[in-house]
Amino acid sequence: MIELRHLRTLMALKESGSLAAAAKKRFVTQSALSHQIKELETRINSSLFVRKSKPLTFTHEGARLLHLAEQILPQVLATEYSLKQGLKGDEHNLALGIECHSCFRWLMPVIERFKEQVYDAQIDLSTRHLFDAIHALETGALDVVLTSDPVPGHNIAYQHLFDFEMKLVVSVDNPLAQASHVTPAQLAGVNLITYPVPLARLDIYKHFLEPAGVNPGPQKQCDLTSTLLQRVACNDGVAALPSWSIKEAYGLELATLNLGVDGLKRPLFGAYLQDTSKAHLIKRWLEQVTLQGQQQE
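Residues numbered from 1 in each chain as written. Predicted model: local features only at pLDDT ≥ 70, side-chain atom pairs only at ≥ 80, totals over all residues. Heavy atoms only, no water.

A. Molecular detail of the side chain of histidine 67. Following the sequence through the fold, histidine 67 ends up in helix H4 (residues 60-85). Ignoring any residue separated from it by four or fewer positions in sequence, one finds histidine 67 in contact with Asp223 and Leu224. (Helix = DSSP H or I, 4+ residues; strand = E, 2+ residues; numbered from the N terminus. Contact = heavy atoms within 4.5 Å.)

Okay, here's the thing in structure tokens:
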């Protein structure tokens, strides 16, 4: 059985980049950490990462477990803290909604850093309102939403956090791979590999293809970034991803291009109700998100 300690070890490996640094982060000896990794690899009958790779490169199986860790550990932390606190201190809890599948990877260290700085605060990261997050915010089901698409509303405040760039990812065998940028016309009829999001909500469609009157080919959906990138590497289609997601390529033979000559930049906002009693806590949280965004530039 995969245990939480295994998932925490994978996160430490990803964040530190080496066995020695990960052992220090987990407060164990390098020998103990190596034994734990070997134990997990025996259980899943597969290696977790490529030995002696610099930077540390996860295998497909390791990447899948890493994705699981990024999904589960924030929820475990949130539930654990909530159970300890009971009903007391609800005003210090933030229900966070996101409209971005690829944000999970960098949100976890932000959550951990926030908990260190604001001891009695807790982030409840929810994916239940992925497609109606702003409505959930208006009805009080969420306290704050990370979104790139502000919706006019008299009671919603939008705080700009940072800008990020969407890149087109293609296989090195794709004819587009040698170009520095791509035009909308070059993507007419081309298969798009995406997260499970309707075409009309995709940035590449809304802000690149649709304004040019261009329709892509069939949309092929994947839940995991690692699987998505592997399908692109197999030339099954192309994908448009934020630059931070492309770092998960783990040695795959991929090329990245600008969407248009100047690239496609998108903003990220923190949305919250103007009359919320948690405004001070929300702003402190959004400060941490902004700092993370600046580190990723």
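B. Highlighting helix H5 (residues 104-117). Between its first and last C-alpha, H5 extends 20 Å over 14 residues, near the 20 Å set by a 1.5 Å rise per residue. Restricting attention to buried positions, one finds in H5 the residues Phe104, Arg105, Trp106, Leu107, Met108, Pro109, Val110, Ile111, Phe114 and Lys115. (Expected span 1.5 Å × (residues − 1). Buried < 20%, exposed > 50% of the residue type's maximum accessible area, 1.4 Å probe, protein only.)

C. Examining the packing of helix H1 (residues 4-16) against helix H3 (residues 30-44) more closely. Contact geometry for H1 and H3: axes closest at 11 Å, N-to-C directions at 115°. Note on packing geometry: the crossing formed by H1 with H3 is left-handed. Contacts between H1 and H3 involve Arg5, His6, Thr9 and Leu13 from the former and Leu33, Gln36, Ile37, Glu39, Leu40 and Arg43 from the latter. Across the contact of H1 with H3, the residue classes break down as four nonpolar, three polar and three charged. (Axes fitted to C-alpha atoms, helices over the stretch in contact; angles between N-to-C directions. Left-handed = near helix turned anticlockwise from the far one by under 90°. Nonpolar A, V, L, I, M, F, W, Y, C, P; charged D, E, K, R; others polar.)

D. Layout of the environment of leucine 257. Relative to the helices and strands, leucine 257 is located in strand S11 (residues 254-259). For leucine 257, a relative accessible area of 0% puts it in the buried group. Look past the residues within four positions of leucine 257 in its chain and what remains in contact with it is Lys167, Leu168, Val170, Leu176, Ala179, Ser180, His181 and Val182.

E. The arrangement of H1 in detail. Between the first and last C-alpha of H1 there are 18 Å, a value that for 13 residues agrees with the 18 Å anticipated at 1.5 Å per step. For H1, every residue scored as buried is listed here: His6, Leu7, Thr9, Leu10, Met11, Ala12 and Leu13. Following H1 by one or two positions, glycine 17 has its phi on the positive side, about 85°.

F. Representation of the pairing of strand S12 (residues 264-273) in the model. Among the 10 residues in S12, nine count as buried, and that is most of the element. As paired elements, strand S6 (residues 156-171) and S12 share 10 bridges and run antiparallel to each other. Across the sheet, methionine 166 pairs through a bridge with leucine 264, a residue of S12. (Pairing = 2+ DSSP bridges.)

G. The side chain of threonine 57, seen in detail. Among the secondary structure elements, threonine 57 is positioned in strand S2 (residues 57-58). Every residue in contact with threonine 57, bar those within four places of it in the chain, is listed here: Phe49, Val50, Tyr250 and Gly251.

H. Spotlight on unusual backbone geometry. Positive phi values are uncommon outside glycine, yet asparagine 45 reaches one of about 55°. Take asparagine 45: it is sitting in the loop between H3 and strand S1 (49-50). Not every positive phi belongs to a glycine, and lysine 52 is a case in point at roughly 60°. Relative to the helices and strands, lysine 52 is located in the loop between S1 and S2.

I. Molecular detail of the environment of alanine 188. Mapped onto the elements of the fold, alanine 188 is located in the loop between strand S7 (181-182) and strand S8 (192-194). Using a relative accessible area of 44% as the deciding quantity, one classes alanine 188 as partly exposed. Separated by 29 residues in sequence, alanine 188 and glycine 217 have C-alpha atoms that sit 6.8 Å apart. Once residues within four sequence positions are removed from consideration, alanine 188 is found in contact with Val214 and Asn215.

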